[in-house]
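Each chain, letter by letter, is given below.
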Amino acid sequence: MTTTTDHPTTAAAAVSSPPPTRERRIKAALKHTGLLVFVAFMVYPLVWMVVSAFKPADQILTEPGIVPTELTLDNFKDGWHALNRPFSVFFANSLLVTLGSIVGNLFSCSLTAYALARLQFRMRKVYFAITLASVMLPFHVLVIPQYIFFSQFGLVNTYWPLLIPKFLATDAFFVFLMVQFIRTLPRELDRAAWIDGAGPFLTFWYVILPLMRPALVTTTIFTFIWTWNDFFVPLIYLTRTQAFTVPVALNSMVDSETQSGVGMLFAMSLLSLLPILVFFAFAQKYLIRGIATTGLK
Amino acid sequence: MLTDEDRQVRAAPEQEEPAAPTKRPAFHLNRQGRAAHIFLIPWQLGFLLITAVPLFASLYLAFTDYDILNPPEWTGLENFRRMVQDDQFWASVKVTLVYVLVSVPLQLGFALLLALILDRGLKGLAFYRSAFYLPSLLGTSVAIAILWREIFGDDGLINKGLGLLGIQGESWLQNPNTALATLIVLNVWTFGSPMVIFLAGLRQIPDELYEAAKVDGAGVWRQFTHVTIPLLTPIIFFNLILQTIGAFQTFTQAHIVSGGTGGPANSTLFYTLYVYQQGFVAFDMGYASALAWVLMVAIAAITALHFLVSKYWVFYGDN
């Protein structure tokens, strides 16, 4: 990323920042100092967690500094086996749920969005209005009947209650996002495809879907982060240790926490954040753009 | 590379094209309708099974006594009567309102302030933006809630820091007067995501407006109050709605920090945590449904109120 560009990017910026005088430079230096202190202050808790995860457990709370005197991997080794299943099981579960949710959202939301944005049919406006309204519907009002429904089918402690809604386009925000995106694509493309003999399916698959990439990337990124971090839904549906996702496993570690457990908790917490941090490092540009344009976080 | 398209996504108004433009061959219409219904199968199933039926089911359950094992028993308004007399219900309402009213303005204030500082001609924007945004990305995770427990614990980071300054720390999480404050701090800490939206909004304000204001003799403050703020009101409104709705539904942090209890003395009993306790710990599904409906009506009312009031302070460029 261009963190230190020396050239103002627009002509207007050049107008508003005349050649640096000494006074200006001092001002800028003060501003940067202030900002860096603030950054340090904000990031300190995270750094503390990272360092603490590698400290001997008994030193974490006695020495709150971030320069460790002694490093160890014991917290990771012990934490990995702190519950009656190794954490590899929980990571595998989380991965399965996350990948499944991404596939589900990409599949169902893009189909829905294409129909709502491009095809003519009678209920179109009504369907679109329903989609918009359901963006605002709080999940808590639906979760109790959903739970009863899934439990009557014997699906508690399986991943179906987590995955089925994703394959049925219930994340209405993504449908809305994709509809808005498709509307920016020129209609002539569809018409050309139709004239060439392609029906709606081929047009969707060969013309619209490839052009929707930015919207699909945004959907993938946010589905990944939300699903990986999700706690409420897995907490309700997954009660057997074997089925836990990582957040539910961490919660269960908290419940059995003793004073010596802080190191393990930090170690496993850190590991749970790692996929998101790695993802952030690679997809930062798309992520920031996604937030700036859609307001998802 | 795609920013222009992205901008259009946001800017694209709700436009409906006429059903049959003059030159479009009409014989495609039947085929389109048939195709649409195939494309919409997942959505229709989802709307029916995951949204509509549960919505009406929970409305029905709100008027019943239901423990999942025995069939629901119609009790009329009993659940709502019970709510009025339920101290925990009122505690959770109070906790949630205090949290929303304090943390959302603080969070948005920080977001706007930092966005203004980062906006014009500052080097290293990408670095600062990422650093401030990182907490937003992680903030709702269980891992960060665990971190928060340790930061505000008796031997935690805050008390060690205060100790260095010679100040006797507080039992933050055990004291009903301070426990909620730690969660407010956590929410304020995640100001990065509204900040990114503010930055994008500031970027859209044309430089010519500032130039014109300068020519008219406006100083920095007048430029801020007469150009920046008015043109940013739609973004402020957008962030406000988004963060308010989000704050009403806070769950993870409260659950982890209090070990699922909402304690001490109900001081972190967020509304959603109470719904969860009633529904999935006590299996009092009827009462939990009634609680959930009250939340939904409250969120709808507050959102509607925001929209009504917005007429008086949100300025859209075209009027």
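No experiment lies behind these values; they were computed from the predicted model shown. (Residues numbered from 1 in each chain as written. Chains lettered and ligands numbered in written order. Predicted model: local features only at pLDDT ≥ 70, side-chain atom pairs only at ≥ 80, totals over all residues. Heavy atoms only, no water.)

What to know about unusual backbone geometry
In this structure, Pro264 of chain B follows Gly263 of chain B across a cis peptide bond, with omega equal to 0°. Positionally, Pro264 of chain B belongs in the loop between α13 (252–257) and α14 (271–281). Even without glycine at this site, Ala169 of chain A takes up a positive phi of about 55°. With respect to the element layout, Ala169 of chain A can be found in the loop between α7 (160–167) and α8 (172–183). With a phi close to 50°, Phe283 of chain B is a non-glycine residue in the positive phi region. Assignment of secondary structure puts Phe283 of chain B in the loop between α14 and α15 (285–313). You can call Phe283 of chain B partly exposed: its relative accessible area is 30%. (Helix = DSSP H or I, 4+ residues; strand = E, 2+ residues; numbered from the N terminus. Buried < 20%, exposed > 50% of the residue type's maximum accessible area, 1.4 Å probe, protein only.)

Some words on the UniProt feature "transmembrane region" (unreviewed entry) in chain B
All names here are of chain B. What UniProt calls "transmembrane region" (unreviewed entry) maps, in this numbering, to residues 38–63, 97–118, 130–148, 179–202, 223–242 and 290–309. Secondary structure content for residues 223–242 is 100% helix and 0% strand, and the end C-alpha separation is 27 Å. Helix makes up 100% of residues 290–309 and strand 0%, and the two end C-alpha atoms of the span are 28 Å apart. (UniProt positions renumbered as here; feature names shortened; annotations may be inferred.)

Digging into the UniProt feature "domain: ABC transmembrane type-1" (unreviewed entry) in chain B
Sequence positions flagged by UniProt for "domain: ABC transmembrane type-1" (unreviewed entry) are, in local numbering, residues 93–306 of chain B. With 75% helix and 0% strand, residues 93–306 of chain B has its two end C-alpha atoms placed 19 Å apart.

Describing the UniProt feature "transmembrane region" (unreviewed entry) in chain A
Within the UniProt annotation, "transmembrane region" (unreviewed entry) is assigned to residues 34–54, 90–114, 126–150, 162–182, 203–228 and 262–283 of chain A. Along residues 34–54 of chain A one finds 95% helix and 0% strand; the C-alpha atoms at either end are 30 Å apart.

Brief notes about the domain arrangement of chain A
One frequently used descriptor of interface size is the decrease in accessible area upon assembly of the parts. Examined at the domain level, chain A breaks down into domain 1 (23–74) and domain 2 (83–255). Each of domain 1 of chain A and domain 2 of chain A was reduced to a C-alpha centroid, and the two centroids are 38 Å apart. (Domains from an automatic or database assignment.)

A look at the packing of helix α2 (residues 22–53) of chain A against helix α14 (residues 262–294) of chain A
All names here are of chain A. In the contact formed by α2 and α14, the axes pass within 8 Å of each other and the chain directions differ by 120°. On the basis of the axis angle, α2 is oblique to α14. By crossing handedness, the relation of α2 to α14 is classed as left-handed. Of the residues in α14, those touching α2 at Trp48, Met49, Val50, Ser52 and Ala53 are Phe266, Ala267, Ser269, Leu270 and Leu273. (Axes fitted to C-alpha atoms, helices over the stretch in contact; angles between N-to-C directions. Parallel < 35°, antiparallel > 145°, perpendicular 65-115°, else oblique. Left-handed = near helix turned anticlockwise from the far one by under 90°. Contact = heavy atoms within 4.5 Å.)

Overview of the environment of Glu23 of chain A
Position of Glu23 of chain A relative to the elements: it lies in helix α2. Measuring from C-alpha to C-alpha, the distance between Glu23 of chain A and Phe149 of chain A comes to 68 Å, with 126 residues separating the pair along the chain.

Let's talk about the packing of aromatic side chains
Across all of its chains, the model carries 53 aromatic pairs over all chains by this definition. On the basis of an interplanar angle of 50° and a centroid distance of 5.2 Å, the ring pair of Tyr114 of chain A and Phe39 of chain B is categorised as tilted. Within this pair, whereas Tyr114 of chain A is found in helix α4 (residues 87–118), its partner Phe39 of chain B is found in helix α2 (residues 28–39), the two belonging to separate chains. An identical accessibility class is assigned to Tyr114 of chain A and Phe39 of chain B; each is buried. Between Phe201 of chain A and Phe39 of chain B the ring centres are 4.9 Å apart and the planes differ by 15°, which places this aromatic pair in the stacked class. On the criterion of chain membership, the pair formed by Phe201 of chain A in helix α10 (residues 200–211) and Phe39 of chain B in helix α2 is interchain, its members lying in two chains. Exposure remark for Phe201 of chain A: the relative accessible area of 41% places this residue in the partly exposed category. Looking at Phe39 of chain B, the relative accessible area reads 1%, which means it is buried. (Phe/Tyr/Trp six-rings, centres within 6.5 Å; stacked < 30°, edge-to-face > 60°.)

Focus: the interface of chain B and chain A
Each partner contributes to the interface: chain B provides 104 residues, whereas chain A provides 105 residues. Across the interface of chain B and chain A, roughly 9900 Å² is buried in total on both sides, 73% from carbon and sulfur atoms. It is Phe39, Trp43 and Ile50 of chain B that lose the most area in chain B upon contact with chain A, and together they represent 9% of the buried surface on that side. Applying the counting criterion to the chain B and chain A interface returns seven residue pairs in polar contact (both at pLDDT 80 or more). (Buried area = accessible area lost by both parts, 1.4 Å probe. Polar contact = N/O pair within 3.5 Å; in protein donor to acceptor, adjacent residues only side chain to side chain.)

Quick word on a nonpolar patch on the surface
There is a patch of nonpolar side chains on the surface, built from Phe149, Phe153 and Phe201 of chain A together with Ile38, Ile41, Leu45, Leu48, Leu49 and Val53 of chain B and spanning about 810 Å² of accessible area. Here the nonpolar patch takes five residues from helix α3 (residues 41–61) of chain B, the largest share from any one element. Among the secondary structure elements, Val53 of chain B is positioned in helix α3. (Patch = residues over 30% accessible without salt bridge, like charges linked within 9 Å, V, L, I, M, F, W, Y side chains within 5 Å. Areas by Shrake-Rupley, 256 points an atom, 1.4 Å probe, with all protein chains shown as cover. Salt bridge = Lys/Arg side-chain N within 4 Å of Asp/Glu carboxyl O.)

Points about helix α9 (residues 179–189) of chain B
Along an α-helix, a turn takes 3.6 residues, which lines up residues three or four apart on a common side. Burial runs high along α9 of chain B: nine of the 11 residues are buried. For α9 of chain B, the set of buried residues is Ala179, Leu180, Thr182, Leu183, Ile184, Leu186, Asn187, Val188 and Trp189 of chain B. The secondary structure elements touched by the buried residues of α9 of chain B are α2 of chain A together with α5 (87–119), α6 (125–138), α7 (142–151) and α13 of chain B.

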